[in-house]
Amino acid sequence: MRKNRLGKTDLYVTELCFGALPFGPLQKNIPVDECTNLLIEALKAGINFIDTAQMYLTYEPIRRAMEATGIRPVIASKSVAGSYEDMQKAVEEALTQLNIDTIDIFLIHAARIDESVFTRRAEALRCLLDCKARGIVRAVGVSTHSVRTVRAAANNSDIDIVFPILNLSGLGILHGTRDEMEEAIKDCIANGKGVYIMKALGGGILIDSYKQALDYVRGIPGVASVAMGMVTPRELSYNIRYFNGELDDTDVIHADQARKRFIVVKILCTNCGRCRETCPNEAIEERDGVSVINEVRCLTCGYCVSSCGEFAIRMV
Ligand code: SF4
Ligand code: SF4
């Protein structure tokens, strides 16, 4: 599979990045052995890039897949930490749980925050820059749904990597349109930032336009990689064939690639509002004293699941 350089870093990543959110506890909650086997298959097939996060709770299968194969992929993680100390803990946790000395990419996990993230999380960013100076992080960046944050990142010399949301229909993009996000991404690339894309299929909503949706994000010159969440061998194989240019008319999308759905179990909801504050897509509203997920706006990221102390949010 083709590899691209991530901006000015010395990291070369496959165009298909394994998104390690959906098989973890925030979404499908697949047993660790199964997650490990899927990652082993992905690494053996040549995928050399894995995207995870502190909150995804998926370091264990990544570590086990590396141990089983002896293959060391490029690993990106991220944290919502705001303080220096919390970010330091997040980096140390990643190194320990992955059993590595250096992590390739560590991002400020910003989702819905606008460009103020660089002042609001200034201490967390300072920690990542210190980690980079110490050689335990190789590249520093930001993951975001906000056009304004991507624009600010383009001109921020501390930022090596940008991980923005982008898809054909503009789903989940905050503070601007799809075209404005595309322009901001192009500015990042022009300024030497490494860019890889999240939610190219809009959390599964664009699955019926799979090829068209992926052709769109891959068609932006300089986009290095596209993170795709995968939960079954069939899904993995389909994505690999697409990125290798091997899909033909007999390849069909299977049910396991179909859209996931999140719901709030009403009788468990105490209307505390935490999920509504957490959702990066403003997809949860209050109705009749409980939270309700708007399926049209929901991009199935699963971030609301960990915010709910009542375990009221479920994937169905
Ligand atoms: S976090 Fe859980 S309990 Fe609180 S409003 Fe959301 S669904 Fe209800
Ligand atoms: S409701 Fe919001 S936080 Fe929850 S899965 Fe959907 S987009 Fe993600």
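Residues numbered from 1 in each chain as written. Chains lettered and ligands numbered in written order. Predicted model: local features only at pLDDT ≥ 70, side-chain atom pairs only at ≥ 80, totals over all residues.

Visitor: Any chance you could explain the overall build of the chain here in plain terms?
Guide: Within the chain, the secondary structure is distributed over 11 helices and 14 strands. Here the C-alpha radius of gyration of the chain, 18 Å, is about what a compact globule of 316 residues would show, namely 20 Å. With the C-alpha coordinates of the chain rotated into their principal frame, the extents come out at 55 × 50 × 40 Å. Per-residue burial for the chain yields a buried fraction of 48% across its 316 residues. When contacts within the chain are restricted to residue pairs at least 6 apart in sequence, long-range pairs at least 24 apart make up 72% of them. (Helix = DSSP H or I, 4+ residues; strand = E, 2+ residues; numbered from the N terminus. Rg over C-alpha atoms; globule rule 2.2 N^0.38 Å. Buried ≥ 20, exposed ≤ 12 C-beta atoms within 10 Å, placed from the backbone. Contact = placed C-beta atoms within 7 Å.)

Visitor: Would you take a moment to explain the domain arrangement of the chain for this structure?
Guide: It is common to give the size of an interface as the accessible area lost on bringing the parts into contact. When cut into domains, the chain gives domain 1 (3-256) and domain 2 (261-315). Computed from C-alpha coordinates alone, the two centres of domain 1 and domain 2 are separated by 24 Å. Counting residues at the interface gives 14 residues for domain 1 and 10 residues for domain 2. Class assignment for the residues of the side of domain 1 that touches domain 2 results in 5 nonpolar, 6 polar and 3 charged. (Domains from an automatic or database assignment. Nonpolar A, V, L, I, M, F, W, Y, C, P; charged D, E, K, R; others polar.)

Visitor: Sorry, what's going on with unusual backbone geometry here?
Guide: With the exception of glycine, the majority of residues adopt a negative phi angle, and the majority of peptide bonds are in the trans configuration. Even without glycine at this site, Asn-29 takes up a positive phi of about 55°. Here Asn-29 shows up in the loop between β3 (16-19) and α1 (32-44). Taking the C-beta count within 10 Å as the criterion, Asn-29 has 14 such neighbours and is therefore assigned partly exposed. Positive phi outside glycine occurs at His-175, with the angle close to 60°.

Visitor: Looking at this structure, how should I read the site of ligand 1?
Guide: Near ligand 1 lie 14 residues; those nearest to it are Cys-269, Cys-272, Cys-275, Ser-291 and Cys-308. Here the shell around ligand 1 is composed, by residue class, of 7 nonpolar, 5 polar and 2 charged. (Near = placed C-beta within 6 Å.)

Visitor: When you look at the site of ligand 2 in this model, what are you seeing that I'm missing?
Guide: Residues in contact with ligand 2 amount to 14 residues; listed here are only the nearest, Cys-279, Ala-283, Cys-298, Cys-301 and Cys-304. Considered class by class, the residues forming the shell around ligand 2 number 10 nonpolar, 4 polar and no charged.

Visitor: Please explain the pairing of strand β5 (residues 74-79) as it appears in this structure.
Guide: Put simply, side chains in a regular strand alternate between the two faces of the sheet. Counting buried positions along β5 yields 6 of 6 residues, so the element is predominantly enclosed. Where burial is concerned, the two faces of β5 agree: the one with Val-74, Ala-76 and Lys-78 and the one with Ile-75, Ser-77 and Ser-79 are both buried. Summarising the sheet, strand β4 (residues 49-51) and β5 pair through 3 bridges and their orientation is parallel. Opposite Asp-51, over in β5, you have Ala-76 as the bridge partner. (Pairing = 2+ DSSP bridges.)

Visitor: Explain the sheet that holds strand β10 (residues 223-229) here, please?
Guide: Strands in a sheet are paired, the pairing made by backbone hydrogen bonds, and the direction either parallel or antiparallel. Strand order in the closed barrel formed by 8 strands is β3-β4-β5-β6-β7-β8-β9-β10, and the pairing between neighbours is parallel. Strand-to-strand, the axes of this sheet are offset by a mean angle of 25°, without reference to chain direction. Strand contacts of helix α6 (residues 147-154): β6 (103-111), β7 (137-144) and β8 (161-164), with the helix running at about 150° to β7, the strand carrying the most contacts. (Axes fitted to C-alpha atoms, helices over the stretch in contact; angles between N-to-C directions.)

Visitor: How do you make sense of the pairing of strand β12 (residues 284-287) when you look at a structure like this?
Guide: The pairing of β12 with strand β13 (residues 290-293) spans 4 bridges and is antiparallel. Pairing of Arg-287 across the sheet is with Val-290, part of β13. Connecting β12 to the next strand, β13, in antiparallel fashion are 2 residues, including Asp-288 with a positive phi near 55°.

Visitor: Would you mind going over the packing of helix α3 (residues 84-98) against helix α5 (residues 122-134) with me for this structure?
Guide: Any two packed helices are characterised by the angle at which their axes cross and by the distance between the axes. Closest axis-to-axis distance for the α3/α5 pair is 7 Å, and the angle between their directions is 45°. Comparing their axes, α5 and α3 come out oblique. Relative to α5, α3 is oriented so that their crossing is right-handed. Within the contact between the two elements, α3 uses Tyr-84, Met-87, Gln-88 and Val-91 and α5 uses Glu-123, Ala-124, Arg-126, Cys-127, Leu-128 and Cys-131. Across the contact of α3 with α5, the residue classes tally to 7 nonpolar, 1 polar and 2 charged. (Parallel < 35°, antiparallel > 145°, perpendicular 65-115°, else oblique. Left-handed = near helix turned anticlockwise from the far one by under 90°.)

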